Amino acid sequence: MPELKLDFSKSLLGQTQVEVRDEQTSASKLDNSSSDLNTVLKKDIEYYGSIDAVSSKVIVLSNGKKVKLKPRKKEGSQKNARKSTSSLDADIAREMGVLVNMERLRRKLKIRQIVEAQEPDFSNRFVTKFGNDVSNSEGEPKRKKPRTVTFRSRMGNTMWTEKYRPQTFFDLLGNERTNRRILSWLNQWNEVVFKRPTPDMMIPEFMALNEQHGEPRSGQGRSNLQNGDGEENRDPFNRPYHKIMLIYGPPGTGKTSIAHVIANQLGYEVSEINASDERAGAEVRARVRNGLQNRSLSGKPTCLIADEIDGASEQGFIRYLTSVLYRDEHATAQLRKGGTLDGAKNNKGGGKARQILRRPMIAICNDAYASSLEKLRPLCEMVAFKKSNTRQIKTRLRDICSKEGLGTVDEKVLDAVVECSSGDLRSCINFFQFHGSSCLTTSSEQSTFENEAKGRDGITDDAMKDTQIAWYLLASEIFNRKGRTSKPAQRKKIQSFVLSLPHNQLQRVVSACFNAILECSSTGLKKLEETSRWLYFGDVVSRKCRAFTGRAEIGTYEGAVINEVFEKFNDVDVFSSARANDGGRLHFGTRDTFGDMKIQTRETMQRISKNPQLRLSVDELSILSSIVIPTGVSLQEFSSSADKVDHAVSVARKLGFHYETKSTRGKDGEFSNFHDKTHIMVPNLAVFLMSQSTVSKQEAVIQRLQRHYLRRREAQKALEERERKREAAEVARGIVSEKNGAVGGKALSSAEFFKKKYSEMSTKLSHGQEKGDAGTKKVARGLGMLAVIRKKSSGGNGNADGERKEKGVMSANANRIWIKYHEGFSNAVRKEITWSHLFG
Amino acid sequence: MSLWADKYRPKTLGQLTYHPDISKKLKLLAKSGDFPHILMYGPSGAGKKTRCMSLLHELYGSGVDRLKVDVKTFQTPSGRKLEFNVISSPFHMEITPSDMGNNDRIVIQELLKDIGQTESIDFAGLLKGEDTKVLSNNKKRFKVVIINEAEQLSRDAQAALRRTMEKFSANIRLVLICTSTSNIIDPIKSRTLAIRVGLPSIDECGQVLETILSHESMARKEFPSDQSERYEIYRHIADACNQNLRMGIMMLEALYMNNDKVTPTTAVIRPDWQLVIEELARGILKDRSVSKLQQTRSVLYELLAHAIPASLILKGLTLELWRDIDAFAGIKNRDQTKAEVVEAASVFDERLSLGSKDIFHLEGFVTRVMVVVEGDVSGETR
């Protein structure tokens, strides 16, 4: 058989995945049962059977080692390979009837062996470190001496969480798929970082993901690169589409660990920036730039890990990160356009090339949807970390315990600890470190241990994790008696809970209690009456708490209410089904409408209070509504009596109300056939009405009123128009009479004065024209253009219309300037200009 | 045309119809040209504000009727901007503390200091050429600040008023208008002249309504021409509005608007929340159970959402219960039950004013009443 050549750096990620997955779930079951392997191999054969066999294989391990594989030749380290497995291989091969690449299969076994070889004490591998300080370029396998001894010596003063931090990819817990995703993302940087080809990505889902982003498969991309021109969106360095990976998830799930492990494993030097570092703009800029552009002392490229970036204070940091990304995007786009690949490939290619991001960045946070991350989020490859599954955690814990000499820990204890930490492995390990030191030999001690673990159940461990239980959980806790815990125990639990909750949350709990007490099966009038005293107490406390800001500790007394409710209503079977669906409870929908109503009410009251004459109290508004929108009489009767309509409209207008027509849609967003429009009074007085029949009647009345109102306004406008015309006519007549020299009485206003002057001017002008005196004419025209009308502020709506009208009338004379003077306008400046001065 | 209640509001002391003794005293007060700080109290709709404005009219002339509304902005120490309306004429200024919420203290301090530190100059006197001696002795040098709903002032704000009232007394006169003096702190009470304006009697109400109708010729046609019949209608109205005259006038207007012909048998239009409360009170007496309490709670929520003040609900409920206990057959010891209900009402009224979650206390009251009534009906001694 010809020698196979295979790049293992690709395959470690891709091809071993399937195996690793199973390995992962049973991390401690080191002597694999044949059945496990069986399935693994089957899958592999199915998968790789289709792939054409290549001649020979050189495996490059993730740590840079190159291993040449020769077919059919067993290596020394493989001596202890399980015979059962190899025979199984053969079986499967026979079954499949295809040429099975035995080499591959063996190699898979070898991964484990390699690891084992590096760590002689494989079962103890958490205390050793995976050798990874081999420089990437050379293929010299360098064996790392296990550090078991040193670790052991430090055992006494090390946090277990640090001690047992995963060191290799296999040590990682959690979802295998996410782990692989991170690994392959980081692997995509190979080309730009190590200048070695990016491995084929064998994970179908990841390929799909990349193609979705318009990214070609790396293999193809590479060939395209060599061809010169490629697809539009192709990254010149085959970097991943998103240049930053954002890992998020609850604490204790191994986010930091995976970032470190994978970066280490792929030959990066980790440069971590976490919350303990100063992350204001300028400081962090230097660090990021160093991390992204420089090489570390060890000669390895750096991988920037930005830990805990979801704090609010990291705006500067995140802004810088985004700017780096945008600059990179820009540079990449230019590169693509210009096609100056060669120059850019060179690390010292010049200013433009330097903008290109050449190092991977991994960001880690708990809450990816924190407001501070808003800008960064779309630029990131998002990877969600979920809680690891309980079985994995338990296995790991058992391992650790046995290694730390705690012996075999009882399943129940493990269960309790894992459950109470809600999948936070770190807090589990912490728990065992600090509580496990008390020896667990005798059964009585074990039970106390268990109790202790249980005592943390639900409440205290949450405090330990620095997260609080949601208020609604507490509320349900108050009412539901758990069968297995006694009442005093539960009381204690609730008390500690109450203490941990902030004041505003307590208020919510109290409200929730108030909502629920009526539905309790054990409730009775007497009980409720007694509770009302406590509710009063809580109310007063919370009010006092609000009054004295900075004395929030008073608020904890509100917990007394919760205690009381607990004492009275806590029961195994709380909610009587008969009452559960009854009214009484303020549902969310109604709560919303009530909120709306309150807002509307406030607005209405504000509007009404602007009316200086009359101050109405809230309780009188429903009467007001029946005056302004009379629904008592039938519509015909109402519209037939014009004075009533008139009265309603004028009252409404006086109060500053107006009518509004709104087109409404059906609840599903469709237009219903009728009732396309609703007519409402603004402000909506219906808010103050309680009987629905009145409210529904209102609409028709409002419509009628509105029509009337519009008609009236038009009539009013017409009236004003007429008035205006008449005035204009009078003015014209006045001018004519003045022209004739019949000036009666003295000018009352400056406008009138002007009119007089104007008429004088115009007569003069005509005289001048007759004379043919050019000079006089010029002057006269200049002056004639200056006309000032002082607008008397007559008030009311007619004002604006009047002005327009006046303008229209006068605009016949083209060469005039009208200067309007608004009396009410604060910045209007009066200047003393005498007319005689103007007119010479 | 505006609301009748607005249109027929008396503008001068002479126009006031009832409480002639108060009007007389106010007239004398105005004649002296100066007056102390005044605390006007009495139930709503009795005419406190009207009297106050009439007094100002007497003092300053028709200038006080030239009202305008300003929106003033204040900045709280925490940096929040606070906006509220100030109604003012050249001679007075009117504020309502409930507009300001919790920050009324700051507003009171700032606003009053602002006014108090600026002396008003009588331009009218200057223009008339009166000599400076007259000007300096001008009796109307002060500005009047009316504080509506003074009982809503927080303790802090009232405390802030104390010193201001004395310090700036040269430039400021305060008129506090409130429905009850129980929330006013004693130092303020001692610094003010308290004037109680009581409700008009039913007959006085009728007279006022009659005057209005005599001016509204269109409306008058729809009311019976017989005077005694008209007065019967007025009596109904006065009953329904509890002699709250403003409400009464509005009811009259509503009656006119909503009916083609008004006869003594025409049902007076009452605010519908009152009907709801009546219904509620009846239900409470009849059915004393937890499920009823649940219904009650939703009704109470509904009432509160319609912006009916909780104290008003409590008052209405108590009065209705009082009435209904008489009619309710199951109760043995009526007087004691009534006393207990009223006691409960007073207890929960206090809680309402001290606490902030109205629904807790309203429901507490209903529960207490249920327990009391249940105890009486089943014969237990409490």
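Residues numbered from 1 in each chain as written. Chains lettered and ligands numbered in written order. Predicted model: local features only at pLDDT ≥ 70, side-chain atom pairs only at ≥ 80, totals over all residues. Heavy atoms only, no water.

### Some remarks on the overall build of chain A
Inference 1: Of the regular secondary structure elements, chain A holds 36 helices and 11 strands.
Inference 2: Looking at chain A residue by residue over its 840 residues, the buried ones come to 46%.
Inference 3: Considering only contacts within chain A whose residues lie at least 6 apart along the sequence, 74% involve residues at least 24 apart.
Inference 4: Approximately 42,800 Å² of chain A is accessible, and the part contributed by carbon and sulfur atoms is 51%. (Helix = DSSP H or I, 4+ residues; strand = E, 2+ residues; numbered from the N terminus. Buried < 20%, exposed > 50% of the residue type's maximum accessible area, 1.4 Å probe, protein only. Contact = heavy atoms within 4.5 Å. Areas by Shrake-Rupley, 256 points an atom, 1.4 Å probe, with all protein chains shown as cover.)

### Things to note about the confidence of the model for chain A
Inference 1: Taken residue by residue, chain A gives an average pLDDT of 64. The fraction at 70 or more is 48%.
Inference 2: Note on residues 772-814 of chain A: pLDDT under 50 across the span, and 59 contacts to partners over four residues away in sequence or across chains. (pLDDT = per-residue confidence, 0-100.)

### Observations regarding helix α2 (residues 20-31) of chain B
Residues and elements named next belong to chain B.
Inference 1: With 12 residues, α2 should cover 16 Å at 1.5 Å per step; its first-to-last C-alpha distance of 16 Å lies within 8% of that length.
Inference 2: Buried within α2 are the following residues: Ile22, Ser23, Leu26, Leu29 and Ala30. End-on, the buried residues of α2 take up no more than an arc of 120 degrees, which puts them together on one face. For α2, the exposed residues lying more than 90 degrees away from the buried face are Pro20, Lys24, Lys25, Leu28 and Lys31.
Inference 3: Buried residues along α2 sit in contact with β1 (38-41), α3 (48-60) and β7 (193-196).
Inference 4: At the exit of α2 stands glycine 33, carrying a positive phi of roughly 85 degrees. (Expected span 1.5 Å × (residues − 1). Arc of directions from axis to C-beta.)

### Overview of the confidence of the model for chain B
Residue and element names in this part refer to chain B.
Inference 1: When pLDDT is averaged across chain B, the result is 84; 93% of the residues are at 70 or more.
Inference 2: By mean pLDDT, the top-scoring element of chain B is β1 (93), and the lowest-scoring one is helix α6 (residues 132-136) (44).
Inference 3: Segment residues 131-138: pLDDT under 50, and five contacts once partners within four positions in sequence are set aside and those in other chains are kept.
Inference 4: Here the prediction assigns the complex a pTM of 0.55, and the interface score ipTM is 0.80.

### With respect to the sheet that holds β1 of chain B
Residue and element names in this part refer to chain B.
Inference 1: Spatial ordering of the open sheet is given by β2-β3-β4-β5-β6-β1-β7, a layout of seven strands whose pairing is mixed. Whereas interior strands pair on both sides, the edge strands pair on one side only; in this sheet they are β2 (68-75) and β7. Averaged over all neighbouring strand pairs, the angle between strand axes comes to 25 degrees, with direction disregarded.
Inference 2: The pairing of strand β3 (residues 81-88) with strand β4 (residues 92-95) spans two bridges and is classified as antiparallel. For isoleucine 87, the partnering residue across the bridge sits in β4 and is glutamate 94.
Inference 3: Relative to β2, helix α4 (residues 104-117) is tilted by about 115 degrees, and along the sheet it contacts β2, β3, β4, β5 (143-147) and β6 (172-178). (Pairing = 2+ DSSP bridges. Axes fitted to C-alpha atoms, helices over the stretch in contact; angles between N-to-C directions.)

### Details of the pattern of salt bridges
Residue and element names in this part refer to chain A.
Inference 1: Applying the stated criterion across every chain yields a total of 20 salt bridges over all chains.
Inference 2: Here glutamate 381 and arginine 181 are joined by a salt bridge, their closest N and O atoms 3.0 Å apart. Taken together, the residues span a long stretch of sequence, with glutamate 381 in strand β7 (residues 380-384) and arginine 181 in helix α8 (residues 176-187) at a distance of 200 residues. (Salt bridge = Lys/Arg side-chain N within 4 Å of Asp/Glu carboxyl O.)

### Quick word on the interface of chain A and chain B
Inference 1: Listed by partner, the interface residues are 70 residues for chain A and 69 residues for chain B.
Inference 2: Note on chain A versus chain B: buried area summed over both sides is about 6,400 Å², and carbon and sulfur give 61% of it.
Inference 3: At the junction of chain A and chain B, the tally comes to one salt bridge.
Inference 4: Note that arginine 368 of chain B and glutamate 529 of chain A form a salt bridge whose closest N and O atoms lie 2.5 Å from each other. (Buried area = accessible area lost by both parts, 1.4 Å probe.)

### Section: unusual backbone geometry
Residue and element names in this part refer to chain B.
Inference 1: At histidine 19, a residue that is not glycine, the phi angle is positive and equals roughly 50 degrees.
Inference 2: With respect to the helices and strands, histidine 19 occurs in the loop between α1 (4-7) and α2.
Inference 3: Since its relative accessible area comes to 15%, histidine 19 is described here as buried.
Inference 4: A positive phi angle is found at glutamate 149, which is not glycine, with a value near 45 degrees.
Inference 5: Take glutamate 149: it is sitting in the loop between β5 and α7 (155-167).

### Focus: the packing of helix α11 (residues 227-240) of chain B against helix α12 (residues 245-258) of chain B
Residues and elements named next belong to chain B.
Inference 1: Contact geometry for α11 and α12: axes closest at 9 Å, N-to-C directions at 125 degrees. On the basis of the axis angle, α11 is oblique to α12. As α11 runs across α12, the sense of the crossing is right-handed. In this structure, α11 uses Ile233, Tyr234, Ile237 and Ala240 to contact α12, whose residues at the interface are Gly248, Met251, Leu252 and Leu255. (Parallel < 35°, antiparallel > 145°, perpendicular 65-115°, else oblique. Left-handed = near helix turned anticlockwise from the far one by under 90°.)

### Let's talk about the packing of aromatic side chains
Residues and elements named next belong to chain B.
Inference 1: All told, the structure shown has 10 aromatic pairs over all chains when counted by the stated rule.
Inference 2: Here the aromatic rings of tyrosine 60 and phenylalanine 91 are separated by 4.5 Å at their centres, their planes lie at 10 degrees, and the arrangement is stacked. Pair noted here: tyrosine 60 is in helix α3 and phenylalanine 91 is in the loop between β3 and β4, with a separation of 31 residues, a long-range link.
Inference 3: Accessibility expressed as a relative area gives 11% for tyrosine 60, which makes it buried.
Inference 4: Ring pairs connect the aromatic residues Phe35, Tyr60, Phe91 and Phe142, which therefore count as one cluster.
Inference 5: In this arrangement the basic side chain of arginine 173 is found over the ring face of phenylalanine 142, its NZ or CZ atom lying 4.4 Å from the centre.
Inference 6: Note that arginine 351 overlies the ring of phenylalanine 348, its terminal NZ or CZ placed 4.7 Å from the centroid. (Phe/Tyr/Trp six-rings, centres within 6.5 Å; stacked < 30°, edge-to-face > 60°. Lys NZ or Arg CZ within 6 Å of the ring centre and 35° of its normal.)

### Examining a positive patch on the surface
Inference 1: A grouping of Arg285, Arg289, Arg319, Arg327 and Lys375 of chain A is seen on the molecular surface, where their side chains present a positively charged patch.
Inference 2: Among the structural elements, arginine 327 of chain A can be located in helix α14 (residues 315-338). (Patch = residues over 30% accessible without salt bridge, like charges linked within 9 Å, V, L, I, M, F, W, Y side chains within 5 Å. Lys, Arg positive; Asp, Glu negative; His and termini not counted. Charge placed at Lys NZ, Arg CZ, Asp CG, Glu CD.)

### Considerations on the pairing of β2 of chain B
Inference 1: Sheet analysis places β2 of chain B next to β3 of chain B, joined by eight bridges and oriented antiparallel. Its bridge partner being in β3 of chain B, valine 71 of chain B is matched across the sheet by asparagine 85 of chain B.

### Considering the UniProt feature "coiled-coil region" (unreviewed entry) in chain A
Inference 1: Within this structure's numbering, the places UniProt gives as "coiled-coil region" (unreviewed entry) are residues 705-732 of chain A.
Inference 2: Counting secondary structure, residues 705-732 of chain A comes out at 100% helix and 0% strand; the distance between its end C-alpha atoms is 40 Å. (UniProt positions renumbered as here; feature names shortened; annotations may be inferred.)

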